Number of protein chains: 2
Amino acid sequence: MDKIFKALASEPRRRILEYLAVEPMTVGEIADNFEMAMPSISKHLAVLKAAGVVREQKRGQYVIYALVVEALTGQLYGFLAPYCGEAQRIAEARPKRRGAGLRE
Amino acid sequence: MDKIFKALASEPRRRILEYLAVEPMTVGEIADNFEMAMPSISKHLAVLKAAGVVREQKRGQYVIYALVVEALTGQLYGFLAPYCGEAQRIAEARPKRRGAGLRE
DNA sequence: TTCCTATTTAGCTAAATAGGAAATTACGTC
DNA sequence: GACGTAATTTCCTATTTAGCTAAATAGGAA
């Protein structure tokens, strides 16, 4: 729980998620949308990955990042569950699967 | 959006919300549940209040804090909406009312 | 191999954050 | 008024975080 909120407590990281919600991208493509230097983007991606909300896939010399939307929503519904009947229902209906697998 | 995630990116602050989910409490009562000194708790409460997720009410020399659960859930559903049809539906069904008023 | 591009890692500095102690404010009581 | 308790504010220090540049790693192409 801590990792995901730390990860989301950053405007650039939330923006990265928005971009990845559209389609998977390489680090360079993501960086093109920011003023920030690539190493900084790379670190933000590492934080998002540690929180489980993005997944990484090497493709030649490129690294493609993709949103893991169920991890994002699942963790937040899990947090909301004690505060909201609807979230509780949704969270229960979604058994959190560990390593939901990255299909090729 | 930034304020709420910054507010939630702290274990002590999330714990405070859990306590307040049970019942409103004074600062001292909240502090009793922590190792932390009261001024620190007071500051955490200020952060939560700035994010709109708790409300403050003076009662004599005491200050009673209460969870504003709709603000907590509403903001998170708002964030989730673009990522999840269910959240979108819930967020739309809940017009975010500004200053939902603290009734005495 | 050498060169080039993509990405990550290391090392650094500046800024933000968390916590404590002490001082201050606010209220109630004597 | 003086005193005591509740809470906040101020000021300080330690830690963490964000961003940069430069260097290292990894892969593809010549």
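Below is a summary of the structure that appears in this document. (Residues numbered from 1 in each chain as written. Chains lettered and ligands numbered in written order. Predicted model: local features only at pLDDT ≥ 70, side-chain atom pairs only at ≥ 80, totals over all residues. Heavy atoms only, no water.)

### Section: the relation of the copies chain B and chain A
Once chain B is rotated about the relating axis by 180° and shifted along it by 0.0 Å, it coincides with chain A to within an RMSD of 0.0 Å. In symmetry terms, the pair is related by a two-fold rotation axis. Counting the interface residues of chain B, we find that 100% of their copies in chain A are interface residues as well, pointing to one common contact surface. (Least-squares fit on C-alpha atoms with pLDDT ≥ 70 in both. Contact = heavy atoms within 4.5 Å.)

### Comments concerning the sheet that holds strand 3 (residues 62-67) of chain A
Residues and elements named next belong to chain A. If you walk across this open sheet you meet the three strands as 1-3-2, and the pairing is antiparallel. A single partner strand is all that each edge strand has here, and the edge strands are strand 1 (25-26) and strand 2 (54-59). Where strand 2 meets strand 3, six bridges bridge the pair, whose relative direction is antiparallel. Among the inter-strand pairings, Arg 59 is bridged to a residue of strand 3, identified as Tyr 62. (Pairing = 2+ DSSP bridges. Helix = DSSP H or I, 4+ residues; strand = E, 2+ residues; numbered from the N terminus.)

### Quick word on the interface of chain B and chain A
On the chain A side, the residues contacting the 26 residues of chain B number 26 residues. Taken together, both faces of the contact between chain B and chain A bury some 2200 Å²; the carbon and sulfur share is 69%. The largest share of the area that chain B buries against chain A comes from Phe5(B), Arg14(B) and Tyr83(B), three residues that together contribute 28% of it. Linking chain B with chain A are four salt bridges. One salt bridge in this structure joins Glu86(A) and Arg89(B), with 3.9 Å as the shortest N-O distance. Applying the counting rule to chain B against chain A returns six residue pairs in polar contact (both at pLDDT 80 or more). Element by element, the count of residues in the side of chain B that touches chain A is highest for helix 5 (residues 69-80) of chain B, at seven residues. (Buried area = accessible area lost by both parts, 1.4 Å probe. Salt bridge = Lys/Arg side-chain N within 4 Å of Asp/Glu carboxyl O. Polar contact = N/O pair within 3.5 Å; in protein donor to acceptor, adjacent residues only side chain to side chain.)

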